[in-house]
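What follows is each chain in one-letter form.
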Amino acid sequence: MRSAAVVGTGLIGTSIALALSARGVVVYLIDQEPMAAMTAAAMGAGRAEEPAEAVDLAILAVPPAELATTLARVQKRGLARAYTDVASVKARPMADVVELGCDLTSFVGGHPMAGGERSGPLASRANLFEGRVWILSPHAATSEQAQHAVESMIDICGAHLLVMRPDEHDAAVALVSHAPHIVASLMAARLENAAESQISLAGQGVRDVTRIAAGDPELWLDVLSANAGSVADTLTELARDLERVTAALRRLELGAERTSDDGAEALLDVLNRGVAGHERLPNKHRAPKARYVTITVPVGDQPGELARLFTDIGAAGVNVEDVFIDHDPGKTTGVVELLVAPEVAEELSRSLKG
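Criteria and cut-off values
- Residues numbered from 1 in each chain as written.
- Predicted model: local features only at pLDDT ≥ 70, side-chain atom pairs only at ≥ 80, totals over all residues.
- Heavy atoms only, no water.
- Pairing = 2+ DSSP bridges.
- Helix = DSSP H or I, 4+ residues; strand = E, 2+ residues; numbered from the N terminus.
- Axes fitted to C-alpha atoms, helices over the stretch in contact; angles between N-to-C directions.
- Contact = heavy atoms within 4.5 Å.
- Right-handed = clockwise from strand over helix to strand, strands pointing away.
- Expected span 1.5 Å × (residues − 1).
- Buried < 20%, exposed > 50% of the residue type's maximum accessible area, 1.4 Å probe, protein only.
- Arc of directions from axis to C-beta.
- Salt bridge = Lys/Arg side-chain N within 4 Å of Asp/Glu carboxyl O.
- Core = buried A, V, L, I, M, F, W, Y, C linked by side-chain atoms within 4.5 Å.
- Patch = residues over 30% accessible without salt bridge, like charges linked within 9 Å, V, L, I, M, F, W, Y side chains within 5 Å.
- Areas by Shrake-Rupley, 256 points an atom, 1.4 Å probe, with all protein chains shown as cover.
- Polar contact = N/O pair within 3.5 Å; in protein donor to acceptor, adjacent residues only side chain to side chain.
- Parallel < 35°, antiparallel > 145°, perpendicular 65-115°, else oblique.
- Left-handed = near helix turned anticlockwise from the far one by under 90°.
- Nonpolar A, V, L, I, M, F, W, Y, C, P; charged D, E, K, R; others polar.

*Asks:* Whenever I open this one, the sheet that holds strand S6 (residues 133-138) confuses me. Can you help?
*Replies:* Strand pairing within a sheet occurs via backbone hydrogen bonds; the two strands may be parallel or antiparallel. Here 7 strands make up an open sheet; going across it, the order is S2-S1-S3-S4-S5-S6-S7 and the pairing mixed. Looking along the sheet, the strands with just one partner apiece sit at the ends: strand S2 (26-30) and strand S7 (160-163). Averaged over all pairs of adjacent strands, the angle between their axes in this sheet comes to 25°, without regard to strand direction. Across 5 bridges, strand S5 (residues 107-112) lies against S6 in antiparallel orientation. Counted as the bridge partner of His-111 is Ile-135 from S6. Helix H1 (residues 11-22) rests against strand S1 (3-7), S2, strand S3 (57-60), S5 and S6 of the sheet, and its axis sits at about 160° to S2.

Take a look at the structure:
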């Protein structure tokens, strides 16, 4: 790939442009808000201008509801030889593309499973997609040349390709992304009018549960509207469980014996199912499920403390699988949790204590 055009320079579009530009691809940045394209260009993502001739690939980083009309427009003017999108919904946008009579041979539906609660070009980064899954949903009419162009982009971005049917994709993301966002928003909404004394007790747990609720509401309205049926199906199942949990808690509230009351049994069932479901989450792409040991390290709230910790970890030659940081506002220390393989946990603990 030698040239590309990114239409829509938000978080995803600019991150793709940064990754491609870093590999020497000439990237043209197009946005209905010129300032967004210029901001992305200033970050090194490409040129805030339209190409003089057709590029190898155009990436349409626009909301799902705008995909079909955007694709029809850029195909009509011959922007690229191949086209893809990054919308987190696939079935309805593809139906719109077909209905508008777009050229299906040059289009490949796509969705990188990466993002963040912040939006806009300033939140972008070139390594956003490294190690992440990138789903493609090609139409039966999609040409091999178009799919190869998109696969080349995915490879440059460091992502892993996964092909899924549009309806299969939408049901999957409803479960692992869209419904969780609604749940996070509902939980975060409970905090809006909470007493300050209650908010002051908030720790990492509630931050983890509500983190994604900080996403752009207008963007999420587009996403949820386009995948409403699948999200509703998932939330209907969740609502049934919530009803059972609420009823169980009310029974326990009445003072029934905890060991024999079916309220406790219902709660225990949900908690056990939660553990089982969490255990199924993958650690790394294509890697077997592994168990890790957590090492807790107190860290002072002074400049350079985290840097010193990671320098010490590097000196110990131990690979850290994941990191969690808990820093309560107003306190002078925080806690860093390091997840490592069991066989190196003792060695790392000894090294850090030394």
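Once you've had a look at it, read on.
*Asks:* Is there a simple way to explain the pairing of S7 in this structure?
*Replies:* A regular strand places its side chains so that they alternate between the two faces of the sheet. The pairing of S6 with S7 spans 4 bridges and is parallel. Across the sheet, the residue bridging to Ile-135 is Leu-162, located in S7. The parallel pair S6 and S7 is bridged by helix H5 (residues 144-156), and the resulting crossover is right-handed.

*Asks:* For this particular structure, what's the right way to read helix H12 (residues 305-316)?
*Replies:* One full turn of an α-helix is made of 3.6 residues, so residues set three or four places apart face in the same direction. Taking 1.5 Å of rise per residue, 12 residues should cover 16 Å, and H12 covers 17 Å from first to last C-alpha, within 8% of that figure. Those residues of H12 not exposed but buried are Leu-309, Ile-313 and Ala-316. All buried residues of H12 fall inside an arc of 60° around its axis, so they share one side. Of the residues in H12, the exposed ones pointing more than 90 degrees away from the buried face are Thr-311, Gly-314 and Ala-315. Looking at the buried positions of H12, the neighbouring elements they touch are strand S8 (293-300), strand S10 (333-340) and helix H13 (342-353). Phi for Gly-317, located one or two positions after H12, is positive at around 70°.

*Asks:* Is there a simple way to explain the sheet that holds S10 in this structure?
*Replies:* As summarised here, the arrangement of the 3 strands in space is S8-S10-S9, forming an open sheet in which the pairing is antiparallel. The open sheet terminates on both sides in strands that have one partner only, identified here as S8 and strand S9 (322-326). In this sheet, adjacent strand axes meet at a mean angle of 20° when their direction is disregarded. Where S9 and S10 come together, 5 bridges link them in antiparallel fashion. From the neighbouring strand, Phe-324 faces S10, where its bridge partner is Glu-337. Most of the contacts of H12 go to S8, to which it runs at about 140°, and overall it touches S8, S9 and S10.

*Asks:* Even after reading the chapter, I still don't get the pattern of salt bridges, so can you show me in this structure?
*Replies:* Close approach of charged atoms allows side chains with opposite charge to pair. By the definition in use, this model includes 10 salt bridges. Asp-167 is the salt-bridge partner of Arg-165, the closest N and O atoms lying 3.2 Å from each other. The exposed category is assigned to Arg-165, whose relative accessible area is 52%. Via salt bridges that share partners, Asp-241, Arg-244, Asp-269 and Arg-273 belong to a single interconnected network.

*Asks:* Looking at this structure, how should I read the nonpolar core?
*Replies:* Nonpolar side chains in soluble globular proteins generally cluster together in the buried interior. Core analysis: the largest hydrophobic core is formed by 35 residues, its most contacted members being Ile-16, Leu-20, Leu-29, Ile-59, Phe-129, Trp-134 and Met-153. The greatest single-element share of this core, amounting to 7 residues, is contributed by H1. Ala-5, Val-55, Ala-80 and Phe-107 belong to the second-largest nonpolar core, a separate cluster that totals 20 residues.

*Asks:* Where do I start with a nonpolar patch on the surface in this structure?
*Replies:* Taken together, the side chains of Leu-306, Phe-310, Val-323 and Ile-325 define a hydrophobic patch exposed on the protein surface, amounting to about 300 Å² of accessible area. Elements with a minimum of two residues in the nonpolar patch: H12 and S9. Checked against the element boundaries, Leu-306 lands in helix H12. The exposure class assigned to Leu-306 is partly exposed, which follows from its relative accessible area of 34%.

*Asks:* What exactly am I supposed to notice about the side chain of Thr-142 here?
*Replies:* When you line up the elements, Thr-142 lands in the loop between S6 and H5. Relative accessible area serves as the criterion here: at 14%, Thr-142 is assigned to the buried category. At 2.9 Å, the side chain of Thr-142 and the backbone oxygen of Phe-107 are in polar contact. Beyond its immediate chain neighbours, meaning those up to four positions away, Thr-142 contacts Leu-104, Thr-105, Phe-107, Val-108 and Gln-147.

*Asks:* Looking at this model, I keep getting lost on the packing of H12 against H13. Mind explaining?
*Replies:* The angle between the axes and the distance between the axes are what describe a pair of packed helices. Interhelical geometry of H12 versus H13 gives an angle of 130° and a closest axis separation of 10 Å. Overall, the two elements H12 and H13 adopt an arrangement that is oblique. The interaxial crossing formed by H12 with H13 has right-handed handedness. In this structure, H12 contributes Leu-309, Asp-312, Ile-313 and Ala-316 to the contact, and H13 contributes Glu-347, Leu-348, Ser-351 and Leu-352. Tallied by class, the residues present in the contact of H12 with H13 amount to 5 nonpolar, 1 polar and 2 charged.

*Asks:* Sorry, what's going on with the environment of Val-55 here?
*Replies:* In this structure, Val-55 sits in the loop between helix H2 (34-42) and S3. Among the residues examined, Val-55 registers a relative accessible area of 1% and is labelled buried. For the pair Val-55 and Leu-79, spaced 24 residues apart in sequence, the C-alpha separation works out to 6.5 Å. Aside from chain neighbours lying at most four places away, what touches Val-55 is Ser-3, Ala-4, Ala-5, Tyr-28, Leu-79, Ala-80 and Arg-81.

These figures capture arrangement, not role.
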